[in-house]
Amino acid sequence: MHPLIRTILQRLALGGIALFAVSVVVFSALEFLPGDFATSVLGRNATPETVEAFRDELGLNLPPAERYLGWIGGVLRGDLGHSFAGRAFTPRAVSDIVLPRLANTLFLAAITAAIAVPVALLLGLMAALYRNTRFDRIVNAATLSTVAMPEFLVAYLVILVLAVKLPAFYAMSTLSPGMDLTEKLQAVALPVLTLSLVIIAHMMRMTRAAIIGVLASPYIEMARLKGVRPWRVILRHALPNALAPIVNVIAFSLAYLVVGVVVTEVVFVYPGIGQTMVDAVRNRDIPVVQACTLIFAATYILLNLLADIISIATSPRLLHAK
Amino acid sequence: MQNNSQGAPAVSRRRRSLSIASASLAARIGMIVVLIYLLVALFAPFLAPFGEAQVASSIPYAPPDGTFLLGTDQLGRDQFSRLIYGARNSMGIALATTLISFTVGGLVGVISAVLGGWVDQLISRLVDVIMAIPQLIFALILLSIAGSSIPNLILIIALLDSTRVFRVSRSVAMNVAAMEFIEAAHLRGERLPWIIRREVLPNIMPTLVAEFGLRFCFAFLTISALSFLGLGIQPPTADWGSMVREASALIAYGNLTLFIPAGAIAVLTISVNLIVDWFLDKASGLRNGQ
């Protein structure tokens, strides 16, 4: 088998194992609940019969392996169970709660990625090419302090400047069903800016390091010494080899976005999945927490997997392997 | 790494030249800031004019004056005193977390590297699984099961962070474990604890010290973020993350109180980063014989 295909298949298998392991961890969340949780979910007036029916529905009377299979089967069919909140009266399907919020979060993340990725790559490339100049030092100091700051501080600084001192935007990003695209874009402007600032700082630093690493290799020096034009050195010699680290940088930052989104959504009261998860943790609404964890973890694993595969598939060394 | 092969004494002799006098301006500023923070945390009860949870004024959200230097919060507690106690709680909890994650992660990492074989494989795969879930998300699901209390918080973050420490200490210890002097010690019949203490640890110390600073920042930021979300340190315990949360409703009215605890968090992490940067520069310079 071509080494390229073999490596990619290996990575796919590893990704599959990681997803399986994550599903087991998420599934076991229900195992560790205290024995009386059914009563606390259903309220004090629950009869022993309703408690028993509730335990039956969660499958708590079945052996763990069987319960896992039933649960993961449901997850794969999009059935994530029912929320604990308001359980005694009207049970709501977890998917009805989570999916609309997921769409909002994806909207936020997609716009952030579309802005942050090109800006960060450009800044990182320039900082690497103009290494140790004033430009490089200023960009470095700015990104170092952004990386070391908590996300909520960045968010509130953005609010302070663009919503309080200069009232151009609202400090809260609420979405309502009737909004058109322009209104929606205006509503997400501040969270997008916050997330962009945070991930641009990370991504730019890593891009700079990756490019500097490649530019320091002997074959670049060789190309320069034999008189290859500077732009040709960058495009033909440096870029193909820097592609893999850069793709990894992008994936890492997007994976970081997954986490940054939680805090940012809470600051801006944005109706996304991060906010949903925080509320669910506060109310100990385990099925919703499970669903959110699965979505976050799966996104994280798939992004990293995708980056791995792209960097393997574009790696000059593996492409031309004998 | 290569010229460390003389073993432990060589490193400790070189480390003597790692003195504060050689620190850059940025690193010195960082050290002074960290020192001030530590002093404030240690002497909090003497410095704070009011108690941590004491309702000192009948006026909530009072503006700063001579008695209440930073005004009062929503319950009429003195913000300045809460900020001082916050240094103790926020830093203390992050420090406890980092100490546990280092003891567990560092020890298991070194043992895993020195033993190798199936033990190493088993632990490494387990760590891979834990690291496949973003840390904040993992912390959230564990907190939703266990509930938010300070011991739970410390144990959960320490457990999750110890995986990072494990990876770092394992990989540096692997490099050291491949050296001849380790093999020599094995052949002379030295026991595992002796080898780890006398041969491996002194050689991986600089890396671990730098990692300790970074992990402290990370634990500190994670706990602050959780407290900010209302899922970390719970009231009435004063802590900077929850103080930001409590003051956040006021920013819409142009009240900037929340930037004081938020700034306190950022200044500390930036300072620790400056020290770590200097330390890493210095340590790699020493290793190259400068």
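Residues numbered from 1 in each chain as written. Chains lettered and ligands numbered in written order. Predicted model: local features only at pLDDT ≥ 70, side-chain atom pairs only at ≥ 80, totals over all residues. Heavy atoms only, no water.

## Notes on the overall build of chain A
For step 1, the next point in the chain: Within chain A one finds 13 helices and zero strands.
For step 2, the next point in the chain: Listed N to C, the secondary structure of chain A is α-α-α-α-α-α-α-α-α-α-α-α-α in terms of helices and strands.
For step 3, the next point in the chain: Along the three orthogonal principal directions, the C-alpha set of chain A runs to about 85 × 60 × 35 Å.
For step 4, the next point in the chain: Residue burial in chain A is summarised as follows: out of 322 residues, 48% are buried.
For step 5, the next point in the chain: Intrachain contacts of chain A at a sequence separation of at least 6 include 73% that bridge at least 24 residues. (Helix = DSSP H or I, 4+ residues; strand = E, 2+ residues; numbered from the N terminus. Buried < 20%, exposed > 50% of the residue type's maximum accessible area, 1.4 Å probe, protein only. Contact = heavy atoms within 4.5 Å.)

## Description of the interface of chain B and chain A
For step 1, the next point in the chain: With 37 residues of chain B at the interface, the matching set in chain A holds 37 residues.
For step 2, the next point in the chain: Of the roughly 3300 Å² buried between chain B and chain A, counting both surfaces, carbon and sulfur atoms make up 84%.
For step 3, the next point in the chain: For the pair chain B and chain A, the interface holds zero salt bridges.
For step 4, the next point in the chain: Looking at the side of chain B that touches chain A, the elements that each hand over two or more residues are α5 (117–131), α6 (135–146), α9 (192–228), α10 (240–247) and α11 (259–287) of chain B.
For step 5, the next point in the chain: Looking at the side of chain B that touches chain A residue by residue, the classes come out as 27 nonpolar, eight polar and two charged. (Buried area = accessible area lost by both parts, 1.4 Å probe. Salt bridge = Lys/Arg side-chain N within 4 Å of Asp/Glu carboxyl O. Nonpolar A, V, L, I, M, F, W, Y, C, P; charged D, E, K, R; others polar.)

## Description of unusual backbone geometry
Of all residues except glycine, most have a negative phi; of all peptide bonds, most are trans.
For step 1, the next point in the chain: Between Pro235(B) and the following residue, Pro236(B), the backbone shows a cis peptide bond with an omega angle of 5°.
For step 2, the next point in the chain: Note on placement: Pro236(B) falls in the loop between α9 and α10.
For step 3, the next point in the chain: Of note, the phi angle at Asn132(A) is positive, near 65°, even though the residue is not glycine.
For step 4, the next point in the chain: Along the chain, the position of Asn132(A) falls in the loop between α5 (94–129) and α6 (134–148).
For step 5, the next point in the chain: In the Ramachandran plot, Arg284(A) falls in the positive-phi region, its phi being about 50° despite a non-glycine side chain.
For step 6, the next point in the chain: Looking at the secondary structure, you find Arg284(A) in the loop between α11 (273–282) and α12 (286–313).

## Focus: the layout of surface pockets
All names here are of chain B.
For step 1, the next point in the chain: Within this model, the second largest pocket holds a volume of roughly 520 Å³.
For step 2, the next point in the chain: Within the residue set of the lining of the second largest pocket, elements represented by two or more residues are α2 (25–42), α4 (79–115), α9 and α11.
For step 3, the next point in the chain: The dominant element in the lining of the second largest pocket, judged by the number of residues it contributes, is α2, at six residues.
For step 4, the next point in the chain: Here the lining of the second largest pocket is built from residues that sort into 18 nonpolar, two polar and one charged. (1 Å grid on protein atoms, 1.4 Å probe; cavity = no way out; pocket = protein on both sides within 12 Å on 5 of 7 lines; lining within 4 Å. Points joined across faces, edges and corners; volume = space filled by probe spheres on them.)

## Things to note about the UniProt feature "transmembrane region" (unreviewed entry) in chain A
Residue and element names in this part refer to chain A.
For step 1, the next point in the chain: The UniProt entry lists residues 12–30, 106–130, 151–173, 185–204, 242–268 and 288–307 under the feature "transmembrane region" (unreviewed entry), expressed in the numbering used here.
For step 2, the next point in the chain: Between the C-alpha atoms that bound residues 106–130 there is a distance of 35 Å. The span itself is 96% helix and 0% strand.
For step 3, the next point in the chain: Secondary structure content for residues 151–173 is 65% helix and 0% strand, and the end C-alpha separation is 17 Å. (UniProt positions renumbered as here; feature names shortened; annotations may be inferred.)

## Focus: the packing of helix α8 (residues 180–187) of chain B against α9(B)
Residues and elements named next belong to chain B.
For step 1, the next point in the chain: For the pair α8 and α9, the least separation of the axes is 11 Å and the interaxial angle reads 175°. When the axes of α8 and α9 are compared, the pair comes out roughly antiparallel. Counted together, Phe181, Ile182, Ala185 and His186 of α8 and Ile195, Glu199, Val200 and Asn203 of α9 form the full contact between these two elements.
For step 2, the next point in the chain: Among the residues forming the contact of α8 with α9, the class breakdown is five nonpolar, two polar and one charged. (Axes fitted to C-alpha atoms, helices over the stretch in contact; angles between N-to-C directions. Parallel < 35°, antiparallel > 145°, perpendicular 65-115°, else oblique.)

## Focus: the environment of Ser101(B)
Residues and elements named next belong to chain B.
For step 1, the next point in the chain: As for its placement among the helices and strands, Ser101 is situated in helix α4.
For step 2, the next point in the chain: Every residue in contact with Ser101, bar those within four places of it in the chain, is listed here: Gly106, Ala158, Asp161, Ser162 and Val165.
For step 3, the next point in the chain: A distance of 3.1 Å separates a polar atom in the side chain of Ser101 from the backbone oxygen of Thr98. (Polar contact = N/O pair within 3.5 Å; in protein donor to acceptor, adjacent residues only side chain to side chain.)

## Brief notes about the environment of Ile111(B)
Residue and element names in this part refer to chain B.
For step 1, the next point in the chain: Relative to the helices and strands, Ile111 resides in helix α4.
For step 2, the next point in the chain: On the basis of relative accessibility, which here comes to 31%, the residue Ile111 falls in the partly exposed class.
For step 3, the next point in the chain: For the pair Ile111 and Leu192, spaced 81 residues apart in sequence, the C-alpha separation works out to 8.3 Å.
For step 4, the next point in the chain: If near-sequence neighbours (up to four positions away) are discounted, Ile111 is found in contact with Gly116 and Ile196.

## Quick word on α11(A)
For step 1, the next point in the chain: Taking burial as the measure, the 10 residues of α11(A) include eight buried ones, the bulk of the element.
For step 2, the next point in the chain: Inspection of α11(A) places Ile273(A), Gly274(A), Gln275(A), Thr276(A), Met277(A), Val278(A), Ala280(A) and Val281(A) among the buried residues, and these make up the whole buried set.
For step 3, the next point in the chain: Where α11(A) is buried, its residues touch α5, α10 (230–267) and α12 of chain A together with α6 of chain B.
For step 4, the next point in the chain: Arg284(A), located one to two residues past α11(A), shows a positive phi value of around 50°.

## Considering the packing of aromatic side chains
For step 1, the next point in the chain: Within the structure shown, the criterion is met by 12 aromatic pairs over all chains.
For step 2, the next point in the chain: Here Tyr156(A) and Phe228(B) contribute two aromatic rings whose centre-to-centre distance is 6.1 Å and whose plane-to-plane angle is 80°, an arrangement assigned as edge-to-face. Remark: Phe228(B) occurs in helix α9 and Tyr156(A) occurs in helix α7 (residues 151–165); the pair is interchain, linking two chains.
For step 3, the next point in the chain: Take Tyr156(A): its relative accessible area is 4%, and that puts it in the buried class. (Phe/Tyr/Trp six-rings, centres within 6.5 Å; stacked < 30°, edge-to-face > 60°.)

## Overview of the UniProt feature "domain: ABC transmembrane type-1" (unreviewed entry) in chain B
For step 1, the next point in the chain: Residues annotated in UniProt with the feature "domain: ABC transmembrane type-1" (unreviewed entry) correspond here to residues 87–280 of chain B.
For step 2, the next point in the chain: Secondary structure across residues 87–280 of chain B divides into 82% helix and 0% strand, with the first and last C-alpha atoms of the span separated by 26 Å.

## Considerations on the nonpolar core
For step 1, the next point in the chain: Among the nonpolar cores identified, the biggest contains 134 residues, and Phe152(A), Tyr156(A), Val267(A), Phe228(B) and Trp240(B) are the most heavily contacted of them.
For step 2, the next point in the chain: Ranked by residues supplied to this core, first place goes to α5(A) with 13 residues.
For step 3, the next point in the chain: Val267(A) has contacts with Phe152(A), Ala155(A), Tyr156(A), Ile159(A) and Phe228(B), leaving out every residue within four places of it along the chain. (Core = buried A, V, L, I, M, F, W, Y, C linked by side-chain atoms within 4.5 Å.)

## A word on the UniProt feature "domain: ABC transmembrane type-1" (unreviewed entry) in chain A
For step 1, the next point in the chain: UniProt tags residues 102–307 of chain A as "domain: ABC transmembrane type-1" (unreviewed entry).
For step 2, the next point in the chain: As annotated, residues 102–307 of chain A has a helix share of 83% and a strand share of 0%, and its two end C-alpha atoms lie 22 Å apart.

## Digging into empty space enclosed by the protein
All names here are of chain B.
For step 1, the next point in the chain: Applying the stated criterion to the full structure yields two cavities of 30 Å³ or more.
For step 2, the next point in the chain: In this structure, the second largest cavity occupies an estimated 60 Å³ of space.
For step 3, the next point in the chain: Top element by residues in the lining of the second largest cavity is α10. It accounts for three residues.

## Considerations on the UniProt feature "transmembrane region" (unreviewed entry) in chain B
All names here are of chain B.
For step 1, the next point in the chain: Under the UniProt annotation, "transmembrane region" (unreviewed entry) lies at residues 25–48, 92–116, 136–160, 212–233 and 253–280.
For step 2, the next point in the chain: Taken end to end, residues 136–160 has its terminal C-alpha atoms 9 Å apart, with 88% of it in helix and 0% in strand.
For step 3, the next point in the chain: The span residues 253–280 carries 79% helix and 0% strand; its end-to-end C-alpha distance comes to 44 Å.

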